[in-house]
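Structure at a glance
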Amino acid sequence: MKQLKTTYLLIATLLGLAACSSTDDSTTTLYDDAAMVSFTLGTMNRYVNGVKSTYKGSDYLFHVDQINRIIYNTDSLPLGTDITHVVCSMSTVYNSAPFIVSTDGTYMTYYTGTDSIDFSTPRTFRVVSSSGNGYTDYIVKVNVHKENPEAFVWKKMASIPVMTGLRTLAFNGHIYVFGNEGGTTKAYYTEDGAAWNPVTLPTLVNADAWQNAVANEDSLYITDGTTMYRSYDAITWNQDESKLPDGITLEGLLGASTSEVYALTTDGKLITKYCDDQLPIWIEATDETQSSFDALPTQDFTIVSYPMNMSDSTDYVLMAGNQKTDDKWNSRVWRRIADYSESGVSSLLVEYLTTLIEGKDDYPEWIRKWTYLDRANDHRYEMPALENIQVVWYDNVLLAFGGKGLNDTTIDPLRNIYKSRDNGITWKKETGYTMPPTDGNATFNSAATSFSAATDGNYIWIVCAGTGEVWRGQLNRVAWGE
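Counting restarts for each chain, with residues numbered from 1 along the sequence as it is written. Local features in a predicted model are, by the rule used here, given only for residues with pLDDT of at least 70; side-chain atom pairs are given and counted only at 80 or more, and totals for whole chains, interfaces and linings are based on all residues. Excluded from the side-chain calculations are hydrogens and water; all other atoms, namely the structure's heavy atoms, are used.

Right, let's get into the side chain of Thr272. Think of it this way: any DSSP run of H or I at least four residues long counts as a helix, any run of E at least two long counts as a strand, and we number them from the N terminus. Here Thr272 shows up in strand S22 (residues 270-274). When checking whether two residues touch, look at their non-hydrogen atoms; a contact exists if any pair is within 4.5 Å. Leaving out residues up to four positions away in the same chain, Thr272 has contacts with Glu260, Val261, Tyr262, Ile281, Trp282, Ile283 and Trp370.

Set out below in structure tokens:
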């Protein structure tokens, strides 16, 4: 430290001499203030599997914390980046001079912007004022990923009580699991998978009421026979008073989007509930081809909803499942565009109700229309017919996986993940995503037909009936929020 102090006195002397050397007709103003205002990396070297590449370090923003005197990058550098040989640049105020302090703190060197610095540990920069009368120390931390951001990994979480059949939902920052436990519908929730807590449910008579649990943006719904309950907090439940058309009885809930709930009627029709408290009604759906939903799935229903690109307050809703035709199982995929803006569905609902009151039939078809994604005779890249198929929206693509193949016996249960980049039209086996491991203590694949999945945006959750096993999967960069 004595040597560092000696160096600092030498700097002050040199700065003073520089001021005295000015010509008679000019004046050099010296300041006591010393601060760094920006910090930028130069060209960075990266080594992956022995192959070298380079990238612009300036693409990664460094934050200068003037209160705590810390400089750091919030977005970590890519895995494999060499941070032991780094050239950087910085700017200071009032011509204050930047110096790099040695790792042992015994001396410092004026930094010119051409020297290579080892940032494998945090480094101290001392910014000395132009007058030599003051300085400010900054600690610079260069963060680099220790894991591959493109790697998809699974982690085994805390188990839930064993259930026979279950449904997993993401709601209000938590993961909920509804299922049949000992002949009664029970539910549990978790925030991070470390522990599961029981959910307070209304009095339910049907042990399989769990099959009719869905969640939209602000509510959980569950039906018990013909009675539907709604909760805003998973604590207090009230009977939902939405009006059904005359002669219509609900068979079960299928899923939900931001502002709608979808269900089947006892006569096999698709019906939509609009979750507008001022217009709590159900409307029978129609399909674009007017085929009376001949291609509607008959089992393994799954519904996923996600925001449409370039369209505010609009969801793309995908419904999939399986239907048996001519002794062969086929996947069936439908889609709906749900506009829940004030100028969208709300105004159309008013228009629709007005036409009903007036006894007219020129109602706006748009508010209740579904479209079948018919592949006709082209079966290339179609969704496979898998038992208990699950579809989630993750990393801006659709992912599907399920149990055994209903037609193709070579498809093992819970082994492959299929991806769709075109909103459910085509599906391809995805090698970048894998299912949970089958070795060690994992028993995931033994629950081949009883499982459920959901995503909270950062993670994919899979819960197995019969074992209570819970797995949480993540694409690293998605979980990191990049």
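Let us keep going from here.
We now examine the sheet that holds strand S15 (residues 197-198). Sheet strands associate in pairs through backbone hydrogen bonding, adopting either a parallel or an antiparallel arrangement. Two strands qualify as a pair provided DSSP detects at least 2 bridges between them. Strand order in the open sheet formed by 4 strands is S12-S13-S14-S15, and the pairing between neighbours is antiparallel. Looking at which strands have only one partner, the edges of the open sheet turn out to be strand S12 (166-171) and S15. Bridge analysis of strand S14 (residues 184-190) against S15 gives 2 bridges, and the strand direction is antiparallel. Residue Tyr189 lies in a different strand from S15, and its bridge partner there is Asn197.

In this section: the sheet that holds strand S16 (residues 213-215). Strand order across the open sheet formed by 4 strands is S16-S17-S18-S19, with antiparallel pairing between neighbours. Every interior strand has two partners, whereas the edge strands, S16 and strand S19 (238-239), have only one. In this structure, strand S18 (residues 227-231) lies alongside S19, joined through 2 bridges in antiparallel fashion. Note on S19: the bridge partner recorded for Tyr229 is Gln239.

Turning our eyes to something else, we now look at unusual backbone geometry. Even without a glycine there, the phi angle at Asn396 is positive, about 65°. Along the chain, Asn396 falls in the loop between strand S29 (390-394) and strand S30 (397-401). When accessible area is computed with a 1.4 Å probe and restricted to protein chains, residues below 20% of their type maximum are described as buried, those above 50% as exposed, and intermediate ones as partly exposed. When its relative accessible area of 60% is taken as the criterion, Asn396 is described as exposed.

Now for the packing of aromatic side chains. Given two aromatic rings, one states the distance between the centres and the angle between the planes to describe the pair. Centre distance within 6.5 Å is the pairing criterion for rings of Phe, Tyr and Trp, where only the six-membered ring of Trp is used; planes under 30 degrees apart are then read as stacked, over 60 as edge-to-face, and the remainder as tilted. In the structure shown here, the tally under the stated rule is 16 aromatic pairs. Both rings, one in Phe99 and one in Tyr110, keep their centres 5.3 Å apart while their planes meet at 65°; by these two values the pair is edge-to-face. With Phe99 in strand S7 (residues 97-101) and Tyr110 in strand S8 (residues 108-110), the pair connects residues that are 11 residues apart, well separated along the chain. Overall, Phe99 belongs to the buried group, its relative accessible area being 7%. In this structure Tyr110 comes out as partly exposed when scored by relative accessible area, which is 44%. Taken together, the ring pairs in this structure connect Phe39, Phe62, Tyr111, Phe119 and Phe125 into an aromatic cluster. Sitting over the ring of Tyr381, Lys428 keeps its end group 4.8 Å from the ring centre. In this analysis the charged atom, NZ for Lys or CZ for Arg, is taken to sit over a ring once it is within 6 Å of the ring centre and within 35 degrees of the ring normal. Stacked on the ring of Tyr459, the Lys or Arg Arg472 has its end atom at 4.0 Å from the ring centre.

Attention now goes to the layout of surface pockets. The way it works is a 1 Å grid over only the protein atoms, where trapped points that fit a 1.4 Å probe form a cavity and open points with protein on both sides within 12 Å along at least five of seven lines form a pocket, and then any residue with an atom within 4 Å of a point lines it. Grid points are joined across faces, edges and corners, and a volume is the space filled by probe spheres set on the points. Volume-wise, the second largest pocket comes out at about 450 Å³. Every residue lining the second largest pocket is counted, 27 residues in all, and those nearest its centre are Ser331, His379, Glu382, Met383 and Pro384. Listed by contribution, the elements that provide at least two residues to the lining of the second largest pocket are strand S27 (328-339) and strand S32 (428-429). Tallying contributions element by element places S27 first for the lining of the second largest pocket, with 6 residues.

So, on to the confidence of the model for the protein. In low-pLDDT segments, the atomic positions of the prediction should not be examined closely. Confidence along the protein averages 86 in pLDDT terms, with 85% of residues attaining 70 or more. pLDDT measures how confident the predictor is about each residue, on a scale from 0 to 100. Low confidence marks residues 16-23, where pLDDT is under 50. Its contacts with residues over four positions away, or in another chain, come to 2 contacts.

Moving on, we come to the environment of Asp208. With respect to the helices, strands and loops of the structure, Asp208 is situated in the loop between S15 and S16. We classify Asp208 as partly exposed; its relative accessible area is 33%. Between the alpha carbons of Asp208 and Gly225 there is a distance of 9.7 Å; along the sequence they are 17 residues apart. Excluding residues that lie within four positions of it along the chain, Asp208 makes contacts with Asn180 and Thr185. Two N or O atoms count as a polar contact when they lie within 3.5 Å, although within protein this holds only if one can serve as hydrogen donor and the other as acceptor, and sequence-adjacent residues are included solely when both atoms are side-chain atoms. Within the structure, the side chain of Asp208 is placed 3.4 Å from the side chain of Asn180, a separation counted as a polar contact.

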